[in-house]
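This is what each chain is made of:
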Amino acid sequence: MPNYLIMCRSLTYAQRAARVLERSGITAIVTKAPQGTSTEGCAYCVKISERRLADSMHALNSVNIPTGKVFIQAGGDFQEVGL
Amino acid sequence: MIYLDSAATTLLKPPEVKAAVISALDNMSTPGRGSHSAAMRAADAAFDCRQALSDFFNVSDPERVVFTFNATHALNIAMRSLIGPGDKVVVSGYEHNAVTRQLFEIGADIWVAQSRLFDDYDAVDAFKKAIPGAKACVCTHVSNVFGYILPIEQISDICHEYRVPLVIDASQSAGTLLIDFKRLDAEFIGMPGHKGLMGPQGTGVLLCASPGVPLLIGGTGSDSAKLSMPAYLPDRHEAGTHNIPGIAGLRAGVKFITSYGVENIHGYERSLLSSLARQLSEDERIELFYSPDDEIQSAVMSLRIKGANCESVAAALGDQGLAVRAGLHCAPFAHRTAKTFDTGTVRVSLSPFNTAEEMDTAARIIRDVANIM
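Predicted model, so just to flag it, every value in this text is computed and none were measured.

What follows concerns the overall build of chain B. A tally of helices and strands in chain B yields 12 helices and 13 strands. Radius of gyration (C-alpha) of chain B: 21 Å, near the 21 Å computed for a compact globule of 373 residues. C-alpha extents for chain B along the principal axes are approximately 65 × 50 × 30 Å. Split into buried and exposed, the 373 residues of chain B put 61% on the buried side. Put simply, chain B shows about 14,400 Å² of open surface, and 52% of that area lies on carbon and sulfur atoms. Mean positive and mean negative side-chain charge positions of chain B (32 and 42 charges, respectively) differ by 4 Å.

What follows is the structure, encoded as structure tokens:
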């Protein structure tokens with residue numbers, strides 16, 4: 001099943017984002033971003049299910065947590081999503 | 001042993017701190033590197049501690065809580081971020097060498113807002129005169145020698161009025177007095193984790209209103225393709241491997257402090273110190289540097305035994321099972337202020353784990369030692 005990856009500018013931001021999402025009832029997993037998703041090198045992201053992207057972005061925006069690019073990941077492939 | 005040297009390090013910790021350290025050693029690697037379970041457990045421990053500290057000190061975001069190795073490290077980052085050679089910097093007359101040596105190394109123009117011990121009016125007046133035109137103000141919250149609680153909110157207000165960034169050394173107040181980062185409007189607050197916050201040695205914290213300039217440069221596990229340090233907090237100041245066992249222990253310490261409440265801890269410690277001071281004040285050979293006012297005296301107190309060398313007194317007390325510290329306490333400015341520079345003092349400093357019975361015993365031992373010196 002595809003997942004969305006919400007890029008975060010640091011591990012701490014990713015953790016904060018995940019806590020916000022969990023409080024909103026959205027399962028979120030902090031993980032290292034796949035290579036190629038960041039031009040700056042190592043980065044972290046929050047992984048959520050395909051169905052919860054809109055809810056997730058709303059929850060994060062409502063508490064002013066900055067987010068980066070969003071990718072859809074299926075298997076080993078990922079592709080940037082325009083929001 | 002009766003341990004009355006908590007201003008150096010709280011030896012007596014809640015048992016949860018030790019358990020957290022051991023658990024971290026057994027189960028956690030390091031955050032910001034891998035994404036395997038041991039790394040993520042470490043990341044969770046660090047974030048939990050950051051969040052707890054952020055809540056405890058009323059910091060807007062956990063990202064503004066930076067882990068350091070001690071208070072000196074934190075204060076070095078703060079001062080190096082704000083101050084350059086020749087800059088006018090205002091300090092209190094009670095600063096520790098963690099502040100004054102760094103300012104000397106930078107080549108700052110150090111202005112001392114000199115004020116009498118336990119005299120808030122004098123302190124505020126001195127800062128009002130000194131702060132205009134300063135590049136920064138660096139001020140201890142509580143004197144590590146005398147336990148004098150400086151009027152930090154009023155000093156903050158003066159800094160705010162003149163738009164002078166304030167750095168606070170909270171080494172003796174974090175975990176024992178209320179500290180509201182937003183209210184104090186400080187640019188940085190530096191503190192140890194291993195004193196009032198009950199964490200292990202090797203832990204410190206810097207609360208940041210601005211990103212500052214990194215002191216330690218290296219890998220952060222983020223933005224790895226770039227040669228420069230990340231621009232964002234906390235990564236900007238956290239190069240290299242974290243002290244995760246220490247941070248896990250610090251988290252347990254903060255949880256303990258939060259559950260008891262700093263006001264309760266301060267009240268309890270002050271009642272103990274009050275008892276000790278009352279018993280010692282009956283002996284005319286003992287000179288106390290003490291204020292009965294809870295608003296300006298923390299649970300740190302200096303004393304001298306007339307005619308006796310303070311190091312000899314501390315050694316004799318140690319032989320009797322009383323752990324104290326003597327000398328200048330790395331704070332020559334404070335001793336010059338109180339006119340104790342030539343003799344130094346013997347310092348007693350309490351923790352929530354001390355008891356009333358210990359105060360009675362300590363008073364007896366100090367009086368006995370005064371008899372034989």
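For the rest of this paragraph, the subject is a nonpolar patch on the surface. On the surface, Phe69(B), Leu215(B) and Leu216(B) cluster together to form a nonpolar patch covering roughly 240 Å² of accessible area. With respect to the element layout, Leu215(B) can be found in the loop between strand 8 (204–208) and helix 8 (244–260).

A few words on the pairing of strand 5 (residues 77–81) of chain A. All names here are of chain A. Pairing analysis gives 5 bridges linking strand 4 (residues 70–74) to strand 5, with the strands arranged antiparallel. Looking at the pairing, Phe71 lines up with Glu80 of strand 5. The turn joining strand 4 and strand 5, which pair antiparallel and follow one another in sequence, is formed by 2 residues; a positive phi near 65° is taken by Gly75.

Residue and element names in this part refer to chain B. Within the open sheet, the 7 strands sit side by side as 2-8-7-6-5-3-4. Their pairing is mixed. Taken across any chain shown, the strands that pair with only one partner, and hence form the sheet edges, are strand 2 (65–68) and strand 4 (109–113). Direction aside, the axes of adjacent strands within the sheet are offset by 20° on average. Of the strand pairs in this sheet, strand 2 and strand 8 are connected by 4 bridges, and their pairing is antiparallel. From the neighbouring strand, Val66 faces strand 8, where its bridge partner is Leu206. Lying on the sheet, helix 3 (residues 71–82) is in contact with strand 2, strand 5 (136–140), strand 6 (166–169), strand 7 (188–192) and strand 8; it crosses strand 7 at an angle near 160°.

What follows is about the packing of aromatic side chains. All names here are of chain B. Per the stated rule, a full pass over the model turns up 7 aromatic pairs over all chains. Taking the centre distance of 5.3 Å and the plane angle of 75° together, the rings of Tyr94 and Tyr148 count as edge-to-face. Of the two residues, Tyr94 is situated in the loop between strand 3 (88–92) and helix 4 (97–106) and Tyr148 in the loop between strand 5 and helix 6 (152–161); the sequence distance between them amounts to 54 residues. Among the residues examined, Tyr148 registers a relative accessible area of 0% and is labelled buried. Every member of this aromatic cluster is reached through a ring pair, and the members are Tyr94, Phe118 and Tyr148. The ring of Trp111 has Lys88 lying over it, and the distance from NZ or CZ to the ring centre is 3.7 Å.

For the rest of this paragraph, the subject is the nonpolar core. Residue and element names in this part refer to chain B. Grouped together as the largest cluster of nonpolar side chains are 58 residues, with contacts concentrated most on Leu53, Phe57, Phe127, Cys137, Ile189, Met191 and Leu207. Broken down by element, this core gets its largest block of residues, 6 residues, from helix 8. When neighbours within four sequence positions are excluded, Met191 is seen to be in contact with Phe57, Asn70, Ala71, Ala74, Ala170, Ala174, Leu197, Gly204, Val205 and Leu207. Of all hydrophobic cores here, the second largest spans 30 residues; its members include Leu4, Leu273, Leu317 and Val324.

Applying the stated criterion across every chain yields a total of 18 salt bridges over all chains. Across the salt bridge formed by Asp5(B) and Arg347(B), the nearest N and O atoms sit 3.2 Å from each other. In this pair, Asp5(B) is assigned in the loop between strand 1 (2–3) and helix 1 (15–27) and Arg347(B) in strand 13 (residues 345–349), connecting sequence segments 342 residues apart. Here Asp5(B) falls in the buried class, since its relative accessible area comes to 12%. A salt bridge links Arg64(B) to Asp61(B); the nearest nitrogen and oxygen atoms lie 3.2 Å apart. In this structure Arg64(B) comes out as partly exposed when scored by relative accessible area, which is 25%. Connected through salt bridges with shared partners, the residues Arg16(A), Asp61(B), Glu63(B) and Arg64(B) form a single ionic network.

This brings us to the side chain of His329(B). Residue and element names in this part refer to chain B. Tracing the backbone through its elements, the reader meets His329 in the loop between strand 12 (325–327) and helix 11 (332–338). Reaching out from His329, the side chain makes a polar contact with the backbone oxygen of Arg325 at a distance of 3.4 Å. Setting aside residues up to four positions removed in sequence, His329 forms contacts with His96, Asn144, Val145, Ser302, His335, Thr345 and Arg347.

On to the confidence of the model for chain A. Reading fine detail from the predicted coordinates is not recommended where pLDDT is low. Summing up the model confidence of chain A, the mean pLDDT is 91 and the portion of residues at 70 or higher is 100%. Ranking the elements of chain A by mean pLDDT puts strand 5 of chain A last, at 89, and helix 1 (residues 11–23) of chain A first, at 96.

Definitions and limits used
- Residues numbered from 1 in each chain as written.
- Chains lettered and ligands numbered in written order.
- Predicted model: local features only at pLDDT ≥ 70, side-chain atom pairs only at ≥ 80, totals over all residues.
- Heavy atoms only, no water.
- Helix = DSSP H or I, 4+ residues; strand = E, 2+ residues; numbered from the N terminus.
- Rg over C-alpha atoms; globule rule 2.2 N^0.38 Å.
- Buried < 20%, exposed > 50% of the residue type's maximum accessible area, 1.4 Å probe, protein only.
- Areas by Shrake-Rupley, 256 points an atom, 1.4 Å probe, with all protein chains shown as cover.
- Lys, Arg positive; Asp, Glu negative; His and termini not counted.
- Charge placed at Lys NZ, Arg CZ, Asp CG, Glu CD.
- Patch = residues over 30% accessible without salt bridge, like charges linked within 9 Å, V, L, I, M, F, W, Y side chains within 5 Å.
- Salt bridge = Lys/Arg side-chain N within 4 Å of Asp/Glu carboxyl O.
- Pairing = 2+ DSSP bridges.
- Axes fitted to C-alpha atoms, helices over the stretch in contact; angles between N-to-C directions.
- Contact = heavy atoms within 4.5 Å.
- Phe/Tyr/Trp six-rings, centres within 6.5 Å; stacked < 30°, edge-to-face > 60°.
- Lys NZ or Arg CZ within 6 Å of the ring centre and 35° of its normal.
- Core = buried A, V, L, I, M, F, W, Y, C linked by side-chain atoms within 4.5 Å.
- Polar contact = N/O pair within 3.5 Å; in protein donor to acceptor, adjacent residues only side chain to side chain.
- pLDDT = per-residue confidence, 0-100.

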